[in-house]
Amino acid sequence: MLNRRSLRIKGMQAIFAYHTAREAEFNICKKEAEDNFLPDLNSMEVQDKEELTKDREQTGKAFSALIHQGGDAIPEDTKPEIVKVIKEQQQAYLNKLTANKEHFKKRLLSGITSIYDDYIKFLYIVVEIQELIGLEKRKKNNTHDNFAKNIVINNLKGFEALEEERIRKNVAWDTDLIRAWYKEYIKPQEFFIEYDNLAKATLEDDQEFVQTLYKSIIFKNDNINDYFEALDLGWSENKPILRSMVLKTMKSIETEESEPILMELSKNWEEDLLFLKELYDLAIDKEEEYETLIEEKSKNWEIDRVALTDRIILEMAIGEMIHFNSIPVKVSINEYIELSKLYSTPKSKQFVNGLLDVLSVELQKDGQIKKSGRGLLDNK
């Protein structure tokens, strides 16, 4: 099940992707502006190549100044034609940023909702394997039927709500892929052979087999995990969520009559979704404001020298402390310290911790952090 830390991580990754794309868009637009002053190969007139080279250099510098410092930073002696070109590219750049912000937000939300689709799909792995085993045994006239009678798998197969979800989400596995995994990674396993050789499997045996299959093979085998990593850039974060959801559903089958319990992606999905959207928007829309706060408290450490990951973590933390009144300051600080430990440099923990402690006190004094209720303000 998704928790707020998972959402913060995914938000951080989406914001990082936005920043990376922004840098690329800047370089593209800068080059577009400079290319206006390349020699015209089709021109019959003599061209001053040295002058054009100077114009390109001035265009690049003027465009950088316009984007990073504003219109007042453009040198007064800049040619009018250069000013015209860089302002056109400035608008193109801003349009691309707006589009990219929405693109990465949609990708963020789509990636999260796809976790539930994958959850439904993963539940069907054991069904696919059971069918492969049944086909294999029929061909060999083997009447040993522990797999065919497995209560956990059969209860999944007979659960109408799950089947409706599978159809609605168009979930299906590549049979050849499952067959390859079965033959290479599952069938040779000792737990598989022992279960197959049981004279009569109990529900406890059925549960143990299914859970071991997921724990030891599906979510642990390196080759299978490499396959999922190639499909899903967020697999390392999604895997424990999926593993927990799948195993909880399997464990919910406690008797032969039990209906499986389908897990929810989040206990408060609408609230969590709103939290994530607002956090993402704040970190991007108020970046300049938050960077000023960070720079003021960084003790002569220019913002450009702060690692991008640390800047994003700090900006998300500031946005969360100021705008989410129900989240205690201490919780926000601790969560972003954990993110810095997981995703940034070895020294980031101390840097993030120290800066957020100072900022939280300052923002409370300024009245920017407004929280009420026991434990909401204490950051010690």
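Residues numbered from 1 in each chain as written. Predicted model: local features only at pLDDT ≥ 70, side-chain atom pairs only at ≥ 80, totals over all residues. Heavy atoms only, no water.

Enquirer: What exactly am I supposed to notice about the packing of aromatic side chains here?
Expert: How two aromatic rings sit relative to each other is set out by the distance from centre to centre and by the angle between their planes. Under the criterion given, the structure shown has 23 aromatic pairs. Centre to centre, the rings of F122 and W173 are 5.9 Å apart; their planes meet at 80 degrees, and the pair counts as edge-to-face. Residue F122 is located in helix 3 (residues 80-123), and its partner W173 is located in the loop between helix 6 (160-168) and helix 7 (175-186); the two are separated by 51 residues in the primary sequence. Accessibility classification places F122 together with W173 in one group, the buried group. Ring geometry for F191 versus F209: centroids 5.8 Å apart, planes at 45 degrees, classification tilted. You can see F191 sitting in helix 8 (residues 190-196) and its partner F209 sitting in helix 9 (residues 203-218), a full 18 residues away along the chain. Residues F191 and F209 agree in their burial class; the two are buried. Through a chain of ring-to-ring contacts, the aromatic side chains of F122, W173, W181, Y214, F219, Y227, F228 and W235 assemble into a single cluster. Cation over ring: R166 sits above Y124, and NZ or CZ is 5.6 Å from the ring centre. (Phe/Tyr/Trp six-rings, centres within 6.5 Å; stacked < 30°, edge-to-face > 60°. Helix = DSSP H or I, 4+ residues; strand = E, 2+ residues; numbered from the N terminus. Buried < 20%, exposed > 50% of the residue type's maximum accessible area, 1.4 Å probe, protein only. Lys NZ or Arg CZ within 6 Å of the ring centre and 35° of its normal.)

Enquirer: Explain the packing of helix 12 (residues 269-285) against helix 14 (residues 308-323) to me, please; I cannot follow it from the model alone.
Expert: Helix-helix packing: each pair is described by the crossing angle between the helix axes and the interaxial distance. Relative orientation of the contacting elements helix 12 and helix 14 amounts to 120 degrees, with a least axis distance of 9 Å. In terms of orientation, helix 12 and helix 14 fall into the oblique class. Between helix 12 and helix 14 lies a crossing whose hand is right-handed. Touching F275, L279, L282 and A283 of helix 12 are E315, M316, G319, E320 and H323, all from helix 14. Taken together, the residues that form the contact of helix 12 with helix 14 break down as five nonpolar, two polar and two charged. (Axes fitted to C-alpha atoms, helices over the stretch in contact; angles between N-to-C directions. Parallel < 35°, antiparallel > 145°, perpendicular 65-115°, else oblique. Left-handed = near helix turned anticlockwise from the far one by under 90°. Contact = heavy atoms within 4.5 Å. Nonpolar A, V, L, I, M, F, W, Y, C, P; charged D, E, K, R; others polar.)

Enquirer: Looking at this structure, I do not really get a positive patch on the surface. What am I missing?
Expert: Together, K215, K220, R243, K248, K251 and K267 give the surface a local cluster of positive charge. It is helix 11 (residues 235-251) that contributes the most residues to the positive patch, three residues altogether. For K267, the position within the fold is in the loop between helix 11 and helix 12. (Patch = residues over 30% accessible without salt bridge, like charges linked within 9 Å, V, L, I, M, F, W, Y side chains within 5 Å. Areas by Shrake-Rupley, 256 points an atom, 1.4 Å probe, with all protein chains shown as cover. Salt bridge = Lys/Arg side-chain N within 4 Å of Asp/Glu carboxyl O. Lys, Arg positive; Asp, Glu negative; His and termini not counted. Charge placed at Lys NZ, Arg CZ, Asp CG, Glu CD.)

Enquirer: Teacher, can you tell me more about the nonpolar core here?
Expert: The nonpolar side chains of a soluble globular protein tend to be buried with one another. Y119, F122, V126, Y214 and M250 are the most contacted members of the largest nonpolar core, which totals 111 residues. Looking at this core, the element that brings in the most residues is helix 3, giving 15 residues. If sequence neighbours within four positions are ignored, Y214 has contacts with F122, L123, I125, V126, F219, V246, L247 and M250. (Core = buried A, V, L, I, M, F, W, Y, C linked by side-chain atoms within 4.5 Å.)

Enquirer: Help me understand the side chain of K101, please; the structure alone is not making it clear to me.
Expert: Residue placement: K101 occurs in helix 3. Classification of K101 by relative accessible area gives buried; the value is 15%. A polar contact is formed between the side chain of K101 and the side chain of D285, at a distance of 2.8 Å. (Polar contact = N/O pair within 3.5 Å; in protein donor to acceptor, adjacent residues only side chain to side chain.)

Enquirer: I keep staring at the pattern of salt bridges and nothing clicks. Help me out?
Expert: One side chain can pair with another of opposite charge once the charged atoms of both are near each other. For the structure shown, the criterion picks out 25 salt bridges. Here R8 makes a salt bridge to E320, at a shortest N to O gap of 2.8 Å. Here R8, found in helix 1 (residues 4-34), pairs with E320, found in helix 14; they are 312 residues apart in sequence, far enough to count as distant. What makes R8 buried here is its relative accessible area of 2%. It is possible to trace a salt-bridge network through shared partners that takes in R5, R8, E320 and E335.

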